[in-house]
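Structure at a glance
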Amino acid sequence: MNHYYLLFPVFLPVLAGILLLLIPFKDRKKMLLLTSLILAVNLACALWVFVQPEQEMSLTYITSSLHLYFKVDMLSKIFLLLISFIWLMAALAAFEYMLHERDERRFFGFYLIVEGVLTALCFSGNLFTMYVFYELMTLTSVPLVMHTMDHEAVMAGLKYLFYSIGGAFMVLFGFFVFTAQGNDLYFTPGGVLNNAEPSAVTLAAVFLMILGFGTKAGMFPLHGWLPTAHPVAPAPASAVLSGIITKAGVLGIIRSVYYIAGPDLIRGTWVQYAWIGLSLVTVIMGSMLAYKENVLKKRLAYSTVSQVSYVLFGLSMLHPVAFVGALMHVVFHALVKNTLFISAGAIIYKTGKTKVDQLRAIGKEMPMVMRCFTVASLTLVGIPPTSAFVSKWLLATGALEADIPVFSWLGPVILLVSAILTAGYLLSISIKGFFPGEDYNDSITEKKEPSWMMLVPLAVMAVLSVVFGIWPTGLENLMKDGIALPVLLMGGGSLCSLFL
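Let us look at the structure shown here. All of these numbers come straight from a predicted model, not from anything done at the bench. (Residues numbered from 1 in each chain as written. Predicted model: local features only at pLDDT ≥ 70, side-chain atom pairs only at ≥ 80, totals over all residues. Heavy atoms only, no water.)

1. A closer look at empty space enclosed by the protein
For the structure on display, the rule yields 1 cavity of 30 Å³ or more. Roughly 40 Å³ of internal volume is contained in the largest cavity. Where the lining of the largest cavity is concerned, the elements lending two or more residues are helix 3 (74-97), helix 4 (104-123) and helix 9 (235-261). Tallied by class, residues from the lining of the largest cavity come to 8 nonpolar, no polar and 1 charged. (1 Å grid on protein atoms, 1.4 Å probe; cavity = no way out; pocket = protein on both sides within 12 Å on 5 of 7 lines; lining within 4 Å. Points joined across faces, edges and corners; volume = space filled by probe spheres on them. Helix = DSSP H or I, 4+ residues; strand = E, 2+ residues; numbered from the N terminus. Nonpolar A, V, L, I, M, F, W, Y, C, P; charged D, E, K, R; others polar.)

2. A short note on the pairing of strand 2 (residues 67-72)
Most of strand 2 is tucked away, with 5 of its 6 residues classed as buried. Pairing of strand 1 (residues 55-61) with strand 2 involves 6 bridges; the strand directions are antiparallel. Along strand 2, the bridge assignment pairs Glu 56 with Lys 71. Counting the residues in the hairpin turn of strand 1 and strand 2 gives 5 residues. (Buried < 20%, exposed > 50% of the residue type's maximum accessible area, 1.4 Å probe, protein only. Pairing = 2+ DSSP bridges.)

3. Overview of the environment of Ile 210
Counting through the fold element by element, Ile 210 comes out in helix 7 (residues 200-216). Residue class for Ile 210 comes out buried when judged on its relative accessible area of 1%. In the structure, Ile 210 is positioned 189 residues away from Ala 399 in sequence and 19 Å away in space, judged by C-alpha atoms. Here Ile 210 is in contact with Met 219, Ile 253, Val 257, Val 271 and Trp 275, once residues within four sequence places are set aside. (Contact = heavy atoms within 4.5 Å.)

4. Notes on the environment of Gly 190
As for its position among the elements, Gly 190 is in the loop between helix 6 (151-180) and helix 7. Since its relative accessible area comes to 0%, Gly 190 is described here as buried. For the pair Gly 190 and Val 487, spaced 297 residues apart in sequence, the C-alpha separation works out to 4.2 Å.

5. Let's talk about the nonpolar core
The biggest cluster of nonpolar side chains holds 179 residues, and the ones touching the most others in it are Trp 87, Leu 118, Tyr 258, Trp 275, Leu 315 and Phe 323. The greatest single-element share of this core, amounting to 20 residues, is contributed by helix 13 (residues 320-351). (Core = buried A, V, L, I, M, F, W, Y, C linked by side-chain atoms within 4.5 Å.)

6. Quick look at the pattern of salt bridges
A complete count under the given rule lists 7 salt bridges for this structure. In this structure, Arg 255 and Asp 73 form a salt bridge, with 2.9 Å as the shortest nitrogen-oxygen distance. With Arg 255 in helix 9 and Asp 73 in the loop between strand 2 and helix 3, this residue pair connects regions lying 182 residues apart in the sequence. A residue is classified by how much of its surface remains accessible, and Asp 73, at 13% relative accessible area, is buried. Salt bridges linked by common partners bring Lys 353, Glu 365 and Lys 448 together as one network. (Salt bridge = Lys/Arg side-chain N within 4 Å of Asp/Glu carboxyl O.)

What follows is the structure, encoded as structure tokens:
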């Protein structure tokens, strides 16, 4: 059955973005009004799609075996709603932040186009469709990184592009292998391969797909683009790169492992153990690099490297509890990291300070911004009753219940060490910001708060990061019943008895 209205949230922001790129808006207010209207409409569309039953739509056949096809399941809906909400929040902050950047019309043009492409990525119903829009997402998001067009930004954009293309070629290898084996690559809960004795080539293809999509998610050893791209991109671009674009890699891994290969195909194989190992190396490495980094946005970028691999670790356990924890951490990390990056943007915009050692007493200059920053920091550490405590608890519990030799206890230990390091590299900023010491002269402090356009999205996301921690049951049940149980009942039913 065709549902042509699924094209609306894809083409509306794309066409609006092209309009901004081609037509000069002399009135800035009209440009911002158009941008905010498009983003608000797309959020409304996401809410509408969310409450509808499962939908599908055939776009076109490129060849007899290459089919552009949309299918909207619960996983699609959750990612779509998250993207639409975060895209609107970051844009509101960008309306003020971009006042000190040149050519903001180009920024908002590509910003809208990327949202449309991400929507199509969420709707993808088979591996070919996902690959097409995954590549388009990379190409359309590069201008956000290169926005200032100075040498450093261009080099960072090219690094992001080369890493992404390298990862995409790994995914393409897996696509070729599965297609050559005559497999139907439409996303199916539990997978379509499900071979009890997979060949060495099949296992290698699955691993390369994990590594390829893991490039966008910042998984070691292909994480290097993140700490290079974030410091040079405008803060709102850094926010969505960290909070959302990295999650596109997570979505690709979920679709590849749980909807194409099937969890049973790699369970107990070298692929699963290598995946777990790489994710844990990334968790601890990212935390350690963030702890020693002095540039604020680069510190947050290394934090993203670490925190997104919490998600990958949960997925790699192939266990329903850890799977739900990973999905919840996708949502919570997006809220938190956008709060942190927009806070960093507000600091840069209002004070020009870019390094951590310059932020002494920043809490007295920007109290509202730093309160939001502190709430987000406490959440990322996993302090109850914040939301990340819930997701990290599920990740650790799922790892212990998975009963995988060494990794079942090593994983929670590394997550705990990483949480301690997270407290060190984030809460130290807040402590020095609000308590600069007795030798600090309070009389020279001048309030430098941004306007409501930056403060409102900061406050909303900070509050939500706590609200989901106090009332997590609804989201947890939605992810358990709508996603985890279907994919793991089909791919490993015995494990799901833990949920029933």
